[in-house]
Every structure is written in structure tokens, then in C-alpha cells.
Amino acid sequence: MNDTATTQTDWTQSDVLKAPTEICWQFDYEISQQKLLNLYKKAKQHQWDADEQLDWSIEIDPSQPIIDQNAHLFLRLPFFQRLPKAQRDTFAAHSTAQLLSQFLHGEQGALMTASVLTHAVPDYDAKLYCATQAMDEARHVEVYERYVRKLAITYPISPWLKELIDATLAADHYAKVMVGMNMVVEGLALAAFHNMRRTTTCPLLRSITEYVLRDESRHVAFGNVYLRETIAQMHPDEREDVAQFAFEAVKGMADAQGGPDGKGQRKADPGFMKVLEHCGIELHDFLQALQEAGAAGINFKLPPGHVHSFRDLMMPALVRVGAVTERSRALYAQAGIPVWDDVSVLESMEDADTGDIVFPE
Ligand SMILES: [Fe+2]
Ligand SMILES: [Fe+2]
């Protein structure tokens, strides 16, 4: 099955940007922070090969759902329950494929930001670490490309994700690249991977996500560990510039996700429109279904014990590294985005030697 979702507009065209970050040689070869060296060592020890560790012989039927339908945000809605099973299955398959395509495209973005950071960061141990992240991301692109190819359904990158990664790649300082990728995009990805690992019914996808999640938690840890020192040493104007970038990245992400709690209106996403179109669901009916669910008191609250990445991990980490200033707090307030700064959940999940974030099973 080669789906029509792949044959559209010009999103498949390659795209060229200029990266204005500095390229920094470092000849002192000094260790700037023990935690960074620990993170580098851990990254070396935890390398894995997708050919060796994953069972690619597992068959996948692209027309069948690959996630537990009871855990699917939309499929629990009365509207979807009323649909014929075949239509529900098609929606489950395509909406998951749409999400996996975002994983794939996001991983390519991460491969490029990690490469930018390798040349831009001024510290020797940070360079070593960034090289391991570039290799991790290459592997992630490889595994999601292979998996998406098995599904034979590819969707375009969501405009908000492309805009955020482009702004990150085109940022003029490595601190902004780290805020955009290691803290915001990867902070969001951590939760998405964690969720996918828990809800997928496909053993291959579960294994892939398990391995990827382990790498990603180091990537977020790197942002959290290294940025704190970097921002602390910045001139106040430079710090404000990073804080502004962080605010815009968070706001772009929050707007696309239906606000910080996910309850607001989401921006229309051409890929998701394509999912609805493919499944024969009118946008109007879909939006009405969401309203109907809201009126019936069905909410999208996370199950108990689930970590809310935005509130518990991303925002407290941004505050802790100094990427939220008094001035930018006012911007968050204006935008209706709470500045959660309680680090207790974040710190309870961090490894003391590396800052690596460990998710509960
Ligand atoms: Fe990745
Ligand atoms: Fe990553």
C-alpha cells in the first residue's frame, strides 16, 4: 500500500537554510563539568545498533491500529465509538502514522541541531557529548524511517514543528539551539515517546521507542546541565535574548498543542486534515465531536501518575537554567502560559551523576 498522503504539495522538497552560529575551536581540552563528561561516557556505553538489537522481521499490517485504542485520545470520544469499526481502525492507523511521521521529521531536525552544537559549543567535553547526540539522532532517523516505510504511510512535517526547528537551526547562539531543541522539542518528545512506549501494541515499535527514549533523556539532560552554566555567565542583554527565544519557542509549541494544558483550540494542521480526509471524516464533524465531548464532561486529563512534561519537566527546567527572566515572565502571563517552577518532579527523576531523566515504567 502506497498511500496518497505521500503525494502532495511540495513538502518533500529539500530545504536549505543558513546556520549563523559561531564555529569554535577549543585547544585547552579541559573538562568544564564532570556531569558532562559522565553524560558523554554514558552515551558511549549506551550506543546500540538497530540492525542488531531490533527484530525487523516483525510483520505490520498498515491497515490495523498499532496502539491500544482505549488509550487513544480521540478514539475514546463518543463520536468515534459510533463510527463503523473499519473507519475507526483507519483513523487509528493514520493518526498514529501521522504522529510517527512527526517523530521521523523531528529526528532529522535533531540530527542537524546536534551537528550545529558540535561545532558551536565552546567547551571540549560539550563537543564530545554533542557528537554522541548526533550519532544518536542519526540512529533515530534510521529507525523511524525504517518503521514508517513498513507502514507505507508518510505525512508531512507539521508547520509549527518545522517553524520551531527552523528557528532553532537558524538561531545565532548555541544557547538558543539548545533551548529550542534540547529543552523544548525534546522535552515534548520525551513525553510523546514515553506515551508511545506505554500504549503501542506493536512489539517492534515498543522496542524502538524504548531505545530512543533512553537516548532522548540524555539529550534533555544535556540542555538542563550545560545551559545553566552558559546562561549564568551571559551578559544580561544576551540572557534576555535567550529568554525571548525560549518564550517564543514555548508559545509556538503551546499554541500548536491547544495551550499548555491541551484543552484549548489547536491550530489546524494540514497533515491531520489529511488524516480526517483519508478516513472520510468531515472537519466540521470532528470539531463538533470535540465540543460534544467537552459538554459531556469528557476531558483529556492525564491518567494519575503520568508525568506532565510541560508542567513538570520543561517549564521548571527552563526556569532553573535561567531561560525565564522577570521580563519574560510578564510575556508568559500575557499569553496565559503559567510559569511552573516547581522542580520537585524533575529532580526526583534526575540521575545525580549525569542529570539523565529516568521515566517510571
Ligand atoms: Fe532523537
Ligand atoms: Fe534527541
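As a reminder, the structure under discussion sits directly above these lines.
Residues numbered from 1 in each chain as written. Chains lettered and ligands numbered in written order. Predicted model: local features only at pLDDT ≥ 70, side-chain atom pairs only at ≥ 80, totals over all residues. Heavy atoms only, no water.

Peer 1: When you look at the coordination of the iron ion (ligand 1) in this model, what are you seeing that I'm missing?
Peer 2: When a metal carries six donors in an octahedron, the ideal angles between them are 90 or 180 degrees, while four donors in a tetrahedron ideally lie at 109.5 degrees. Listed as protein donors to the iron ion (ligand 1) are Glu107 (OE), Glu137 (OE), His140 (ND1) and Glu216 (OE); their distances from the metal cover 1.8 to 2.2 Å. Coordination at the iron ion (ligand 1) comes from four donor atoms whose angles at the metal span 89 to 136°, giving a geometry best classed as irregular. Sequence spacing of the donors to the iron ion (ligand 1): E-x29-E-x2-H-x75-E. A separation of 3.1 Å is found between the iron ion (ligand 1) and the iron ion (ligand 2), both of which receive a donor from Glu137. Note that Glu137 is positioned in helix α5 (residues 124–151) and Glu216 in helix α8 (residues 203–232), a separation of 79 residues in sequence. In this structure Glu216 comes out as buried when scored by relative accessible area, which is 2%. (Donors = N, O, S within 2.8 Å, 3.2 Å for Na, K, Ca; no water. Tetrahedral: all angles 85-135°; square planar, octahedral: opposite > 155°, others 65-115°. Helix = DSSP H or I, 4+ residues; strand = E, 2+ residues; numbered from the N terminus. Buried < 20%, exposed > 50% of the residue type's maximum accessible area, 1.4 Å probe, protein only.)

Peer 1: What is the right way to read the coordination of the iron ion (ligand 2) from this model?
Peer 2: Only Glu137 (OE), Glu186 (OE), Glu216 (OE), Glu216 (OE) and His219 (ND1) from the protein reach the iron ion (ligand 2) as donors, at distances of 2.0 to 2.8 Å. Sequence spacing among the residues donating to the iron ion (ligand 2) works out to E-x48-E-x29-E-x2-H.

Peer 1: For this particular structure, what's the right way to read the packing of helix α1 (residues 34–45) against α8?
Peer 2: Packed helix pairs are specified by the crossing angle of their axes together with the interaxial distance, meaning the distance between the axes. Closest axis-to-axis distance for the α1/α8 pair is 10 Å, and the angle between their directions is 170°. Relative to α8, the element α1 is oriented roughly antiparallel. Side by side, α1 and α8 meet where Lys35, Leu36, Leu39, Lys42 and Ala43 of the first sit next to Arg218, Ala221, Phe222, Val225 and Tyr226 of the second. Taken together, the residues that form the contact of α1 with α8 break down as seven nonpolar, no polar and three charged. (Axes fitted to C-alpha atoms, helices over the stretch in contact; angles between N-to-C directions. Parallel < 35°, antiparallel > 145°, perpendicular 65-115°, else oblique. Contact = heavy atoms within 4.5 Å. Nonpolar A, V, L, I, M, F, W, Y, C, P; charged D, E, K, R; others polar.)

Peer 1: Where do I start with the environment of Ala92 in this structure?
Peer 2: Structurally, Ala92 can be placed in helix α4 (residues 85–120). The spatial distance from the C-alpha of Ala92 to the C-alpha of Leu104 is 18 Å, given a sequence separation of twelve residues. Setting aside residues no more than four positions away along its own chain, Ala92 makes contact with Pro65, Gln69 and Leu75.

These values are about where atoms sit, not about what they do.
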